[in-house]
Amino acid sequence: RQLQLFVARIPALSRQAAAEPLFILAGGPGLAASTFYSSAAPVFARIRRRHDIIIVDQRGTGRSHPLACQFDEQQMWDAGEEQTARVMRECRATLEKTHDLRQYTTSVAVRDLESVRIALGYRRISFYGSSYGTRVAQHYARRYPASTEALILDGIVPPTRILGPSTPIDAERSLQQVFERCRKDAACQKKFGDPAQDYRELRERLARAPIDVTMPDPHSGAPRTIAFSGSALAGALRLATYSAGQAALLPLALHLANSKGQFGPLASQFMLSAAGYDAVLAYGMHNSVVCAEDVPFFDATAASAQVGNTFLGTAQIDALKALCNDWPRGPIDADFHQKLDSPVPALLLSGTADPVTPAAFGDEAALGFHYALHLKMPDQGHGQLAQPCMDGIMAAFLDAAHRSRQPKVVTNCLTKVVADPFFLDMGGPGP
């Protein structure tokens, strides 16, 4: 069996271009690098002045033999262990006709990246990795240190970290930070009081029974009725905390739903975000990664008793266990989850309100590098690529890394990073 990798090269603009290109690695797992880059290309324009940009759709994503599962998005909101397992068994049966589902792990994917480097004739390469892409970048640096120039890691997954057991607690902490910001913001506090109260009352209400919400579909505009349940609320809360822009809407949306019975804004926010992920993620590839690299280690990283009190609860952990029971498990290298000991310079980017890869993960990952610069954005969520002047910082870091294993860059411009102001009504923030 063979598969084809989709590779794109966007050449540097300068005639005095640097010898080292920047490879782009997307998150998920399951998002294609080509999809990610198409939405983020302007942020890499400054880097492209002197560096080629290389896009490789990781095997199983995008145009590299994608492992795409088809399912009804609303059914999956409330899917329990049994239904999740059934849907994924159906997906597996379809994909196995044309794919070997064991051949899509990170340990396999980094060999693809090395093959691309050799084929394109580069001696050393740098990486920008987002979320799961940071795991890929770090493992490449472990396997091929002599071929690695520098790493930019955004929303960091440390090699030593098993993703899943701590996610409900991290997501709850991020949500409570949003509420605390509202309580300390005079206008937000005056308008909504303590948003944690709306949150608690909504959770209790939806735990008793879902609410039928009739609203215009946020994509088509056609009337649509959905059963807004506790699991839909959990999805809305998690996705809203991914970015400061979405979090700015949360106190208003919770207040309208709890005090006015107007669930439309909260449901629309969730449907738009969830549909966006479903449209671009290859869930089969996601399963092949997490079922080999994370779920088998859940018992060794037992979930805390606090998990049951969070808005996510154990549902996500239980669903992952259920879907992985029957999913083929691919190979991972013996040292995959060991701490790095890397001479490769690394720029680490974290948001202090990140619900999935908190800043503490960046601190943990930094211990694996001889030199790491860890920048933490106050009150920001998952992914710091679009922050003011981040494009210049990344470009300066790559240029400095070519000259020194301890590259120094000026980061004073990041004082401009502030959380988005809270919406006080549907017209937007206050003056």
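As shown above, the structure is provided for reference.
Reading the values: rules and limits
- Residues numbered from 1 in each chain as written.
- Predicted model: local features only at pLDDT ≥ 70, side-chain atom pairs only at ≥ 80, totals over all residues.
- Heavy atoms only, no water.
- Phe/Tyr/Trp six-rings, centres within 6.5 Å; stacked < 30°, edge-to-face > 60°.
- Buried < 20%, exposed > 50% of the residue type's maximum accessible area, 1.4 Å probe, protein only.
- Disulfide = S-S within 2.5 Å.
- Helix = DSSP H or I, 4+ residues; strand = E, 2+ residues; numbered from the N terminus.
- Core = buried A, V, L, I, M, F, W, Y, C linked by side-chain atoms within 4.5 Å.
- Contact = heavy atoms within 4.5 Å.

> Hey, could you run me through the packing of aromatic side chains in this one?
How two aromatic rings sit relative to each other is set out by the distance from centre to centre and by the angle between their planes. One pass over the structure, following the stated rule, counts eight aromatic pairs. On the basis of an interplanar angle of 35° and a centroid distance of 5.9 Å, the ring pair of Tyr37 and Phe44 is categorised as tilted. In this pair, the class of Tyr37 matches that of Phe44, namely buried. Measuring from ring centre to ring centre gives 5.0 Å for Tyr140 and Tyr144, while their planes differ by 45°; the resulting arrangement is tilted.

> Looking at this structure, how should I read the state of the cysteines?
Applying the stated rule across the entire model yields four disulfides. The disulfide partner of Cys69 is Cys91, and the S-S distance across this bridge is 1.9 Å. Measuring the twist about the S-S bond at about -70°, one finds the Cys69-Cys91 disulfide to be left-handed. Here Cys69, found in the loop between β3 (53–56) and α3 (73–77), pairs with Cys91, found in helix α4 (residues 81–95); they are 22 residues apart in sequence, far enough to count as distant. Cys91 gets classed as buried once you look at its relative accessible area, which sits at 7%. Note on cysteine connectivity: Cys389 is disulfide-linked to Cys413, with sulfurs 1.9 Å apart.

> Would you mind going over the nonpolar core with me for this structure?
Nonpolar side chains tend to gather and get buried jointly when the protein is soluble and globular. Counting residues in each nonpolar core, the largest one holds 83 residues, and the members touching the most others are Phe44 and Met394. Looking at this core element by element, the count peaks at seven residues for helix α17 (residues 390–403). Setting aside residues no more than four positions away along its own chain, Met394 makes contact with Val43, Phe44, Ile47, Tyr128, Ile152, Leu347 and Leu385. Counting 30 residues, the second largest nonpolar core, distinct from the first, contains Val213, Phe228, Phe270 and Leu312.

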